[in-house]
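# A closer look at the structure
Listed here are the chains, written in short residue letters.
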Amino acid sequence: MYRIPVPTAEFVRRAAVTLLRRPPWLLPQPPGSVAWLGVAADLRERIEARSLRGRIPGRRALAEAYGVSFDVVNQAVEALIEQHLLVVRPGSPGTYVNEERP
């Protein structure tokens, strides 16, 4: 059986807790807060880095992924549509990254 010194075990425990901790903007927010700004900022960053292309995941899937409510994701997506980063194509289900943006 291995014996790990207490300071090493404490360091490993603190490192694991830090890695598992959610970013502050992903934590549950009180009603009326601006949690959608964090979601919108992350989506904008992913769009600009070209790691998010084509059709984006559904709003419910995004809500689960970010750990926020559907309304928070909906507000973030609507803000990105207003900024012309995302588009809703008539006759096509879903929301898409606007490839024709300036």
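Residues numbered from 1 in each chain as written. Predicted model: local features only at pLDDT ≥ 70, side-chain atom pairs only at ≥ 80, totals over all residues. Heavy atoms only, no water.

### A look at the environment of Gln83
Put simply, the rule reads: A run of DSSP states H or I qualifies as a helix once it reaches four residues; a run of E qualifies as a strand once it reaches two. Both are numbered from the N-terminal end. Two N or O atoms form a polar contact when they lie within 3.5 Å of each other; inside protein one atom must be a possible hydrogen donor and the other a possible acceptor, and for residues adjacent in sequence the pair counts only when both atoms belong to side chains.
Relative to the helices and strands, Gln83 is located in the loop between α4 (70–82) and β1 (86–87). Within the structure, the side chain of Gln83 is placed 3.2 Å from the side chain of Arg44, a separation counted as a polar contact.

### A closer look at α4
Every α-helix carries 3.6 residues per turn, so stepping three or four residues along brings you back to the same face. Let me state the cut-off plainly: One fewer than the residue count of a helix, multiplied by 1.5 Å, yields its expected span. Partly exposed describes any residue whose relative accessible area lies between the buried limit of under 20% and the exposed limit of over 50%, with all areas from a 1.4 Å probe on protein chains only and scaled to the type maximum. Comment: arc refers to directions from the helix axis out to C-beta atoms. Here, two residues are considered to be in contact whenever any of their heavy atoms come within 4.5 Å of each other.
Compared with the 18 Å implied by 1.5 Å per residue over 13 residues, the 18 Å span of α4 between its first and last C-alpha is a close match. Restricting attention to buried positions, one finds in α4 the residues Val72, Val73, Ala76, Val77, Ala79 and Leu80. Projected down its long axis, α4 carries its buried residues within an arc of 155 degrees, all on one side. Of the exposed residues in α4, the ones pointing more than 90 degrees away from its buried face are Asp71 and Glu82. Where α4 is buried, its residues touch α2 (35–48), α3 (59–66) and β1. Looking one or two residues past α4, His84 carries a phi angle of roughly 65 degrees, positive in sign.

### Focus on the nonpolar core
Buried together is how nonpolar side chains tend to be arranged in soluble globular proteins. Spelled out, the test is: In plain words, nonpolar cores are sets of buried Ala, Val, Leu, Ile, Met, Phe, Trp, Tyr and Cys residues tied together by side-chain atoms within 4.5 Å.
Core analysis: the biggest nonpolar cluster contains 19 residues, and Val39, Leu43, Ile56, Leu62, Val77 and Leu86 have the highest contact counts within it. Leu62 has contacts with Leu43, Ile56, Pro57, Val73 and Val77, leaving out every residue within four places of it along the chain.

### Observations concerning the side chain of Asn98
Here Asn98 is to be found in the segment after β2 (96–97). Separated by 3.0 Å, the side chain of Asn98 and the backbone oxygen of His84 make a polar contact. Among the polar contacts made by the side chain of Asn98, one reaches the main-chain amide nitrogen of Glu100 at a distance of 3.0 Å. In this structure Asn98 touches His84, Leu85, Leu86 and Val87, once residues within four positions along its chain are discounted.

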